[in-house]
Amino acid sequence: MDILTVLPSSFGYVIFTYLYSWVMLGYLAVKVGGARKKYDVKYPTMYSDKEQVFNCIQRAHQNTLEVYPQWLVFQTIAALVYPLSASVLGAIWVTSRFSYAWGYYTGDPAKRMNGAYGYIGYFGVILLSISVALQLLGVF
């Protein structure tokens, strides 16, 4: 069985969404690395006792890593049946993580909420995943 015959043809958009998320994670990681040098926070120290801005930069990355596995699962389930919708929702979520981080990078944690629109993408793929589950169970 060839995977290209099993997946929907528009699943390619989903793959590009995954690649976009990879770029986003790399960007956030590089920002933490730069902040470690700038604020002299040595490994394996996760947070600084002195530098609030470093902690904000670190939290933006850490929070994204905390939610990323769940997003990947729901993104994949949704994309198997709704590849275009999942791709759009995924792109919204990934883009929101940049906005979230840039807000956090200001040193004012409240500005992380600039990325709150990402919940549209996150909850969107969860709802699509529920739809897939109900379809598989024959509910509709």
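Per an unreviewed UniProt entry, the protein chain goes by the name Glutathione S-transferase 3, mitochondrial and belongs to Kryptolebias marmoratus. As its UniProt record puts it under Sequence similarities (unreviewed entry), the protein chain is described as follows: "Belongs to the MAPEG family." What UniProt states about the protein chain under its Subcellular location (unreviewed entry) heading is, verbatim, "Mitochondrion outer membrane".

A. The arrangement of unusual backbone geometry in detail. The residue after Y43, namely P44, is reached through a cis peptide bond having omega 5°. With respect to the helices, strands and loops of the structure, P44 is situated in the loop between helix 2 (11-39) and helix 3 (52-81). The backbone phi angle of D40 is positive, close to 55°, even though this residue is not glycine. In this structure, D40 sits in the loop between helix 2 and helix 3.

B. Representation of the packing of aromatic side chains. One pass over the structure, following the stated rule, counts 11 aromatic pairs. Geometrically, the ring pair formed by Y27 and F98 is tilted, given 5.5 Å between the ring centres and 55° between the ring planes. Taken together, the residues Y27 in helix 2 and F98 in helix 4 (residues 83-104) connect sequence positions 71 residues apart. On the basis of relative accessibility, which here comes to 11%, the residue F98 falls in the buried class. Between Y100 and Y104, the ring centres sit 5.5 Å apart and the planes meet at 85°, which makes this aromatic pair edge-to-face. Residue Y100 and its partner Y104 are both found in helix 4; the two are separated by four residues, about one turn of the helix. Seen from the ring of Y43, R36 lies directly overhead, with NZ or CZ sitting 4.1 Å from the centre. The lysine or arginine in question, R97, covers the ring of Y100, its NZ or CZ lying 4.1 Å from the ring centre.

What counts as what
- Residues numbered from 1 in each chain as written.
- Predicted model: local features only at pLDDT ≥ 70, side-chain atom pairs only at ≥ 80, totals over all residues.
- Heavy atoms only, no water.
- UniProt positions renumbered as here; feature names shortened; annotations may be inferred.
- Helix = DSSP H or I, 4+ residues; strand = E, 2+ residues; numbered from the N terminus.
- Phe/Tyr/Trp six-rings, centres within 6.5 Å; stacked < 30°, edge-to-face > 60°.
- Buried < 20%, exposed > 50% of the residue type's maximum accessible area, 1.4 Å probe, protein only.
- Lys NZ or Arg CZ within 6 Å of the ring centre and 35° of its normal.

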